[in-house]
Amino acid sequence: MKKLTADGYGINVKQADPISVEQEEILWDKSVFGNHSSESLLHTVFFYNCKYFGLRGRDEHRNLQISQIQLGEDDNGNYIEFRGKDNKTYNGGLRHRYIAPKSVRQYLEKDCQTLQSYQIYMNAIYEIDKSVSSPFYRRPVLSDGSVKFDHILGANRLGSLMKTICQKGELKGNFSNHSGKRTLATRLYQAGVSEQMIMDRTGHRSEKAVRTYKRPADSMLKDVSNILNPSNKQIKLEDPKPLTDTRAILPEQVDIENTENAFNVSKPEGKYRGLPSNSSFQNCVFNFVTKM
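All of these numbers come straight from a predicted model, not from anything done at the bench. (Residues numbered from 1 in each chain as written. Predicted model: local features only at pLDDT ≥ 70, side-chain atom pairs only at ≥ 80, totals over all residues. Heavy atoms only, no water.)

### Notes on the overall build of the protein chain
Stage number 1. The helix and strand tally for the protein chain stands at twelve helices and five strands.
Stage number 2. Out of the 292 residues in the protein chain, the part that is buried amounts to 32%.
Stage number 3. Pairs at least 24 residues apart make up 61% of the contacts formed inside the protein chain by residues separated by at least 6 positions.
Stage number 4. Entry remark: accessible area of the protein chain is about 20000 Å², with carbon and sulfur atoms responsible for 49%. (Helix = DSSP H or I, 4+ residues; strand = E, 2+ residues; numbered from the N terminus. Buried < 20%, exposed > 50% of the residue type's maximum accessible area, 1.4 Å probe, protein only. Contact = heavy atoms within 4.5 Å. Areas by Shrake-Rupley, 256 points an atom, 1.4 Å probe, with all protein chains shown as cover.)

See the structure below:
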C-alpha cells in the first residue's frame, strides 16, 4: 500500500459532486424536474428527498415507504415531513435505545412547484396502493401524456437515478446518489449553518463524518485567497541609472587626435599624454612607459 501511494496511486479520492444552485435551475429549465409528466415527477421527488432529507444510498430509497413522507401545515406554513426508520446510523437496537429516529420537516411556500409535485406524485401512488407500507417509488408509465405509475421501481434504476437526472440535464461533473446528500451538507455549510444543525438534517452522528460531505464554494475559496494576498499597495522601484565606464584608459588605447572630442578637454602634453586632464584617481598605482 505504501509503495502504491508513493507511486501516486489512490492519492486523489473520487467523490460525488454536489449540485449547485445554477445546475438545479438548469434541471428545472430543461423540464427534467416538474409536474408535466410521470418521469419528471419521479425525478423531482427523488432529488428533493436527497436534498431535503439526506437520503443517500440505494437501500435507503428502496426501503422508503409512502407513509414516511407526510404533507401538512402548521403555524409555520406548509411542509413536507420525513419520518425515519432504521438506516445506516440507526437500527433500533440496544445501542440506539436512547437515539430518536430521524425526523425532518421542510417548510415550503404554498404555491411552490416542488410542493405541488409531491402532492401530485403521492396522489398518483395512493391510487395504486393505499397501504401505508407501500413503497414510495414507482415506475413511471411513459405511453401517454397522463401521470401514471405502475410497478415498484427496481433497485438498479434507483441506484443510478441521480446520475440519470444529471445526464438528462447535461450537467458536467461526477454525480451519483451521494450528490444529493452532499448538496444538502454543502448548501447549509456555505450558508453558515452550524455543524449541529447540519448533522440533524443529514443524520450524521459525528462531526468527522459530516465534514466529508461539505464543500466550500468558489467564492469562499476566493475570499481565503484574498485574505492571504499581499496589500494592493505596490512599491514601484525607480529605473536603475545606466552605469558609466570608469575603466582607466591606457595610453595605447587613446586616439590622441580624438581625445579632445571624447573627453571634452584639451590635449595634454608631456609624459602624461593620453589621460584626461580632469581625471581624479585615488589609491591607484600607474606604470608609465616612455617611448624613446
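### Observations regarding helix H2 (residues 21–29)
Stage number 1. For H2, every residue scored as buried is listed here: Gln-23, Glu-24 and Leu-27. Taken down its axis, H2 places every buried residue within 105° of arc, on the same side. Turned more than 90 degrees from where H2 packs its buried face, Glu-22 and Asp-29 sit exposed.
Stage number 2. Tucked into the core, H2 has its buried residues touching helix H3 (38–53), helix H7 (161–168) and helix H8 (178–190).
Stage number 3. One or two positions beyond H2, positive phi appears at Ser-31, with a value near 65°. (Arc of directions from axis to C-beta.)

### Comments concerning the packing of aromatic side chains
Stage number 1. Enumeration over the complete set of coordinates arrives at 13 aromatic pairs.
Stage number 2. Arranged with centres 6.3 Å apart and planes meeting at 45°, the rings of Trp-28 and Tyr-48 form a pair that is tilted. With a gap of 20 residues between them, Trp-28 in helix H2 and Tyr-48 in helix H3 connect regions that are remote in the sequence.
Stage number 3. Ring geometry for Phe-33 and Tyr-48: centres 5.8 Å apart, planes at 55°, overall tilted. Of this pair, Phe-33 sits in the loop between H2 and H3 while Tyr-48 sits in helix H3, and the two are 15 residues apart along the sequence.
Stage number 4. On the accessibility criterion, Tyr-48 (2% relative accessible area) is buried.
Stage number 5. Here the aromatic cluster, defined as three or more aromatic residues joined through ring pairs, consists of Trp-28, Phe-33, Phe-47, Tyr-48, Tyr-52, Phe-53 and Phe-82. (Phe/Tyr/Trp six-rings, centres within 6.5 Å; stacked < 30°, edge-to-face > 60°.)

### Regarding the side chain of Asn-49
Stage number 1. Along the chain, Asn-49 turns up in helix H3.
Stage number 2. Taking the relative accessible area as the measure of exposure, Asn-49 reaches 0% and is therefore buried.
Stage number 3. Polar side-chain contacts of Asn-49 include one of 2.9 Å to the side chain of Tyr-137.
Stage number 4. When neighbours within four sequence positions are excluded, Asn-49 is seen to be in contact with Gly-54, Leu-55, Leu-64, Ile-69, Tyr-118, Phe-136 and Tyr-137. (Polar contact = N/O pair within 3.5 Å; in protein donor to acceptor, adjacent residues only side chain to side chain.)

### Observations concerning the environment of Pro-140
Stage number 1. Looking at where Pro-140 falls in the secondary structure, it is placed in strand E4 (residues 138–140).
Stage number 2. For Pro-140 and Ile-152, which are twelve residues apart along the polypeptide, the C-alpha to C-alpha distance reads 9.5 Å.
Stage number 3. When sequence neighbours within four positions are dropped, the list of residues in contact with Pro-140 reads Ser-38, Glu-39, Leu-42, Lys-148, Phe-149, Leu-153 and Arg-157.

### Observations concerning the packing of H3 against helix H5 (residues 113–128)
Stage number 1. With their axes 10 Å apart at the nearest point, H3 and H5 run at an angle of 120° to one another. With respect to H5, the element H3 is oriented oblique. Judged by the sense of rotation from one axis to the other, the crossing of H3 with H5 is left-handed. Here Leu-41, Leu-42, Thr-44, Val-45, Tyr-48, Asn-49, Tyr-52 and Phe-53 of H3 lie close against H5, whose contacting residues are Thr-114, Ser-117, Tyr-118, Ile-120 and Tyr-121.
Stage number 2. For the contact of H3 with H5, a count of residues per class yields nine nonpolar, four polar and no charged. (Axes fitted to C-alpha atoms, helices over the stretch in contact; angles between N-to-C directions. Parallel < 35°, antiparallel > 145°, perpendicular 65-115°, else oblique. Left-handed = near helix turned anticlockwise from the far one by under 90°. Nonpolar A, V, L, I, M, F, W, Y, C, P; charged D, E, K, R; others polar.)

### Considerations on the pairing of strand E1 (residues 69–74)
Stage number 1. Note: E1 against strand E2 (residues 77–83), six bridges, orientation antiparallel. If you follow Leu-71 over to E2, its bridge partner there is Ile-80.
Stage number 2. The antiparallel pairing of E1 with E2 creates a hairpin that spans two residues between the two strands. (Pairing = 2+ DSSP bridges.)

### Looking at unusual backbone geometry
Stage number 1. Even without a glycine there, the phi angle at Ser-31 is positive, about 65°.
Stage number 2. On the secondary structure map, Ser-31 appears in the loop between H2 and H3.
Stage number 3. The exposure class assigned to Ser-31 is partly exposed, which follows from its relative accessible area of 40%.

### Thoughts on the sheet that holds strand E3 (residues 103–108)
Stage number 1. Strands sit in the order E1-E2-E3 across an open sheet of three strands; the sheet is antiparallel. Where the open sheet ends on each side, the last strands, each with one partner, are E1 and E3. When the angles between neighbouring strand axes are averaged without regard to direction, this sheet yields 30°.
Stage number 2. Bridge analysis of E2 against E3 gives six bridges, and the strand direction is antiparallel. Considered in E3, the bridge of Glu-81 is made with Arg-105.

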